Amino acid sequence: MKQQQKNFSTQVINVAYIYDLYQRKKIIFTDKINRKEWHKWNKKQRNSFIEYLKKDYPVKPLICYRKIVNDSLSYYICDGYNRIRAIMKYLKKRGTSEVELVMKLIVLEIIPEELPEKELNYIYEKLNG
């Protein structure tokens, strides 16, 4: 039996690129991680995250895998829904001319698509302390 190759990598992208991917529907949210508790952030939590990001405070990486579909690269987000949603809602109201935010860097932890759920949950737990 051939062992599956695990290709993990890290990619650093700016908020503008995330916004572009989202606008082109190249960000797909998955529910591969079993969280003990999950909820959507409210407006106060989203605004707090944006202010935190603007101050260059460290932000948890997004966990995702990439997949080429119809000759186009898409990002499947396993962890980071609320952070991306906060960015999208903020930029939808203010536009991408807000350089203070769109040039901020976000780290993506790229995982293999076939990663077993148990291993993905382990990675999630370790990144979330």
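Just above sits the structure.
Residues numbered from 1 in each chain as written. Predicted model: local features only at pLDDT ≥ 70, side-chain atom pairs only at ≥ 80, totals over all residues. Heavy atoms only, no water.

Q: Got a minute to help me understand the overall build of the protein chain in this structure?
A: Along the backbone of the protein chain there are five helices and five strands. Listed N to C, the secondary structure of the protein chain is β-α-β-α-β-β-α-α-β-α in terms of helices and strands. For 129 residues, the compact-globule estimate of 2.2 N^0.38 gives 14 Å, and the protein chain sits close to it at 15 Å. Its C-alpha atoms give the protein chain principal-axis dimensions of roughly 55 × 35 × 20 Å. Counting only residues that meet the buried cut, the protein chain has 40% of its 129 residues in that class. Looking at the protein chain alone, contacts between residues at least 24 apart form 77% of all its contacts between residues at least 6 apart. Charge separation in the protein chain, taken as the distance between the mean sites of 26 positive and 15 negative side-chain charges, equals 5 Å. (Helix = DSSP H or I, 4+ residues; strand = E, 2+ residues; numbered from the N terminus. Rg over C-alpha atoms; globule rule 2.2 N^0.38 Å. Buried < 20%, exposed > 50% of the residue type's maximum accessible area, 1.4 Å probe, protein only. Contact = heavy atoms within 4.5 Å. Lys, Arg positive; Asp, Glu negative; His and termini not counted. Charge placed at Lys NZ, Arg CZ, Asp CG, Glu CD.)

Q: Help me understand the nonpolar core, please; the structure alone is not making it clear to me.
A: Soluble globular proteins tend to bury their nonpolar side chains together. Counting 25 residues, the largest nonpolar core has Ile-18, Ile-87 and Leu-91 as the members making the most contacts within it. At six residues, helix 3 (residues 81-94) tops the list of elements feeding residues into this core. Excluding residues within four positions of it along the chain, Leu-91 makes contact with Val-15, Tyr-19, Leu-101 and Val-102. Tyr-76, Leu-115, Leu-120 and Tyr-124 belong to the second largest nonpolar core, which has nine residues in total. (Core = buried A, V, L, I, M, F, W, Y, C linked by side-chain atoms within 4.5 Å.)

Q: Honestly, the packing of helix 1 (residues 15-23) against helix 3 in this entry has me stumped. Any pointers?
A: When two helices pack together, their arrangement is given by the angle between the helix axes and by the axis-to-axis distance. In the contact formed by helix 1 and helix 3, the axes pass within 10 Å of each other and the chain directions differ by 85 degrees. Comparing the axis directions of helix 1 and helix 3 gives the class roughly perpendicular. Residues Val-15, Ile-18, Tyr-19 and Tyr-22 of helix 1 form the contact with helix 3, whose own contacting residues are Ile-84, Ile-87, Met-88 and Leu-91. Residues that form the contact of helix 1 with helix 3 fall into these classes: eight nonpolar, no polar and no charged. (Axes fitted to C-alpha atoms, helices over the stretch in contact; angles between N-to-C directions. Parallel < 35°, antiparallel > 145°, perpendicular 65-115°, else oblique. Nonpolar A, V, L, I, M, F, W, Y, C, P; charged D, E, K, R; others polar.)

Q: Teacher, can you tell me more about a positive patch on the surface here?
A: Positive charge collects at one region of the surface, where Lys-40, Lys-43, Lys-89, Lys-92, Lys-93 and Arg-94 lie side by side. Tallying contributions element by element places helix 3 first for the positive patch, with four residues. By secondary structure assignment, the location of Lys-43 is in helix 2 (residues 43-54). (Patch = residues over 30% accessible without salt bridge, like charges linked within 9 Å, V, L, I, M, F, W, Y side chains within 5 Å. Areas by Shrake-Rupley, 256 points an atom, 1.4 Å probe, with all protein chains shown as cover. Salt bridge = Lys/Arg side-chain N within 4 Å of Asp/Glu carboxyl O.)

Q: Honestly, the packing of helix 2 against helix 3 in this entry has me stumped. Any pointers?
A: Interaxial distance between helix 2 and helix 3 falls to 9 Å at its minimum, and their mutual angle equals 85 degrees. On the basis of the axis angle, helix 2 is roughly perpendicular to helix 3. Contact residues: Lys-43, Arg-46, Phe-49, Ile-50, Leu-53 and Lys-54 in helix 2; Arg-83, Arg-85, Ala-86, Ile-87, Lys-89, Tyr-90 and Lys-93 in helix 3. For the contact of helix 2 with helix 3, the class distribution of residues is six nonpolar, no polar and seven charged.

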